[in-house]
Amino acid sequence: MATKTQDLHILFFPYMAPGHMPPMINMAKLFANRGVRTTILTTPGNTSIVKPIISNSPVELALIPFPSAAASGLPEGCENLSSIPSPDLIPYFLRAVFMLSEPFDQILKELHPNVTIIDAFFPWTIDITSKLGITQLIFTGSGFFPLCLTDSIEKYKPHETLPAETESFLVPGIPHRIELLKTQVFDIGKIDIKHLDFFDKVRDADKRSYGTVMNSFYELEPDYVEHYRTVIGRRAWQIGPVSLCSEGMIKSTTTTTDRNHECLRWLDEKQPGSVLYVCFGSLCAFSGDQLHEIALGLVASNHAFILVVPKVIERDEKMDWMPEGFEGRINEAKKGFVIRGWAPQLLILNHEAVGGFMTHCGWNSTLEGVCAGLPMITWPLFAEQFYNERLVVDVLKIGVAVGMKEHALMPEDRPLIHGMEIERAVSCVMGGGEEAEAMRKRARELGEMAKSAVMEDGSSYTELTRLISELSALHP
Ligand SMILES: O=c1ccn([C@@H]2O[C@H](COP(=O)(O)OP(=O)(O)O[C@H]3O[C@H](CO)[C@@H](O)[C@H](O)[C@H]3O)[C@@H](O)[C@H]2O)c(=O)[nH]1
């Protein structure tokens, strides 16, 4: 039955961070491909991220001015979390984001969307959309599994009642036996001290919203889709992986510069499945000592690799982290390729020469690794990344943990992982043997399931149809 969508106008408002913008823009394209009028709202400094992704699509773009000057302390043009030169400036960025509420109100009155899909990190929007009678849906950027773990840990606080000498606990009331260390808990309370009850506001906005749209697919975490709906009792629609959701999406999401990147020519000369891709997302920083150990571990493993060292990681450009002769040795033997800056991650992961992914377990990277059918080496650092690690290692059984034990935002607060431990994890995932082969097989099968989910009549495709019908019925 055809759905009547012409009266639906959905406004998407993604948080200005690399882990949040592309998935929401892709999501807007998905709705647009089904005939729904969609608009992306962002600040002028972020249009260069939006435009290449929406080109050749009917998605509209609307701008909201970013109050850099008013939020004094932020350099001009600093409108994305990834462009903040130092973590000390993050509170200024958060303050500036709160100041968007007035223009946001005005823009909604001008554009008249009847539905908004808004990043969970803009909790103040719910007062405005409620007042204007707009149906608000939330986009959290992560998956059902980490949301269910967060809910259970916040509800039962199992880590707070443990004897001092006990380091680990089982997460209560969830479908699998999941063990975490006390030090791996994403302690929102600690962060809130600086952020004006930010996470209380996020929770409140979530409860008051109509429901949550998830970048996930049913077959990835079926028990947790059900748990989220029936035990936690929230409405949710899983319509991803959005990076796969239309024919040629990977091509259309990547720029010409990405497609011409030298690393792809380098990969062309490698054997299928022989290269490990090492990347820790868009926001993570490492100490020089840790980078040094990573380099040692990779060389010792003797597997070919691509190592991404973004500017934000190599915080001091003169940082002396390379082991002596490292670059010369890897270049000569054509064993390694170091990318300084932004890597074309989707293209690398989907290159046939790549056989494994060392990741910090950000939700997007995790999902992108799954879609590419790759086994992973997990190295979580902060936020919900330790929960995503458990999904990959314990539930899906497609990864090996490098052994990071502590949640810490700042590199200097993290324990050092030695080259030998890195080498061990790399050998487990990239090496021979029955276990490694079984892991690779499971990863490949999951990759196929991800692709099927977004095809016509696949689980995510059907779910999107269900969501559009429901929203259309609310706004006839
Ligand atoms: O050189 C790079 C580095 C990253 N990426 C892309 O950037 C995104 C990174 O997203 P993600 O893997 O989720 O990592 P973060 O940017 O660290 O994500 C933040 O936001 C996520 C979604 O809410 C959370 O899961 C993480 O914990 C949080 O750190 C992915 O799409 C990558 O493909 C590139 O294309 N090239």
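Residues numbered from 1 in each chain as written. Predicted model: local features only at pLDDT ≥ 70, side-chain atom pairs only at ≥ 80, totals over all residues. Heavy atoms only, no water.

Draft legend 1. A look at the overall build of the protein chain. In terms of regular secondary structure, the protein chain is built from 20 helices and 15 strands. For the protein chain, whose C-alpha radius of gyration is 22 Å, the value lies close to the compact-globule estimate of 23 Å for 476 residues. Across the 476 residues of the protein chain, 57% fall into the buried class. Here the protein chain has roughly 20,200 Å² of accessible surface; of this, 53% comes from carbon and sulfur atoms. Each charge class in the protein chain can be summarised by its mean position, and for the 43 positive and 59 negative side chains these summaries are 3 Å apart. (Helix = DSSP H or I, 4+ residues; strand = E, 2+ residues; numbered from the N terminus. Rg over C-alpha atoms; globule rule 2.2 N^0.38 Å. Buried < 20%, exposed > 50% of the residue type's maximum accessible area, 1.4 Å probe, protein only. Areas by Shrake-Rupley, 256 points an atom, 1.4 Å probe, with all protein chains shown as cover. Lys, Arg positive; Asp, Glu negative; His and termini not counted. Charge placed at Lys NZ, Arg CZ, Asp CG, Glu CD.)

Draft legend 2. Structural detail: the sheet that holds strand 8 (residues 211–214). Read across the open sheet, the seven strands follow the order 3-2-1-4-5-8-9; overall the sheet is parallel. Two strands lie at the open edges of the sheet, namely strand 3 (60–63) and strand 9 (236–238), each paired on one side alone. In this sheet, adjacent strand axes meet at a mean angle of 25° when their direction is disregarded. Across five bridges, the pairing between strand 4 (residues 115–119) and strand 5 (residues 135–139) is parallel. By the bridge assignment for strand 5, Ile117 is matched with Leu137. Against the sheet, helix 20 (residues 459–474) touches strand 1 (9–13), strand 4, strand 5, strand 8 and strand 9, its axis set at about 140° to strand 9. (Pairing = 2+ DSSP bridges. Axes fitted to C-alpha atoms, helices over the stretch in contact; angles between N-to-C directions. Contact = heavy atoms within 4.5 Å.)

Draft legend 3. Looking closely at the confidence of the model for the protein chain. With 92% of its residues at a pLDDT of at least 70, the protein chain reaches an overall mean of 90. Scored as a complex, the prediction yields pTM 0.94 and ipTM 0.99. (pLDDT = per-residue confidence, 0-100.)

Draft legend 4. Broad picture of the nonpolar core. With 95 residues, the main nonpolar core has Tyr277, Ile306, Ile348 and Trp379 as its most contacted residues. Both domain 1 (2–64 + 100–176 + 193–240 + 454–474) and domain 2 (255–451) contribute no fewer than three residues apiece to this core. In this view, Tyr277 contacts Ile306, Val308, Ala343, Gln345, Ile348, Leu349, Val354, Gly356, Phe357 and Met358; residues no more than four positions away in its chain are not counted. Ile117, Tyr210, Ile239 and Val242 belong to the second-largest nonpolar core, a separate cluster that totals 30 residues. (Core = buried A, V, L, I, M, F, W, Y, C linked by side-chain atoms within 4.5 Å. Domains from an automatic or database assignment.)

Draft legend 5. View of the environment of Glu110. Turning to its location among the elements, Glu110 is positioned in helix 4 (residues 101–111). Residue Glu110 is classed as exposed on the basis of its relative accessible area, which comes to 55%.

Draft legend 6. Structural view of the domain arrangement of the protein chain. Domain boundaries assigned for the protein chain yield domain 1 (2–64 + 100–176 + 193–240 + 454–474) and domain 2 (255–451). Each of domain 1 and domain 2 has a C-alpha centre, and these two points are 28 Å apart. At the interface, 21 residues of domain 1 touch 19 residues of domain 2. Taking both partners together, domain 1 and domain 2 bury about 1,600 Å²; carbon and sulfur atoms supply 73% of that area. The three residues of domain 1 that bury the most area against domain 2 are Phe145, Phe217 and Leu220, which together make up 33% of that side's buried surface. For the pair domain 1 and domain 2, the number of links is zero salt bridges. Summed over the shared surface of domain 1 and domain 2, the result is three residue pairs in polar contact (both at pLDDT 80 or more). Looking at the side of domain 1 that touches domain 2, the element that brings in the most residues is helix 6 (residues 144–156), giving five residues. (Buried area = accessible area lost by both parts, 1.4 Å probe. Salt bridge = Lys/Arg side-chain N within 4 Å of Asp/Glu carboxyl O. Polar contact = N/O pair within 3.5 Å; in protein donor to acceptor, adjacent residues only side chain to side chain.)

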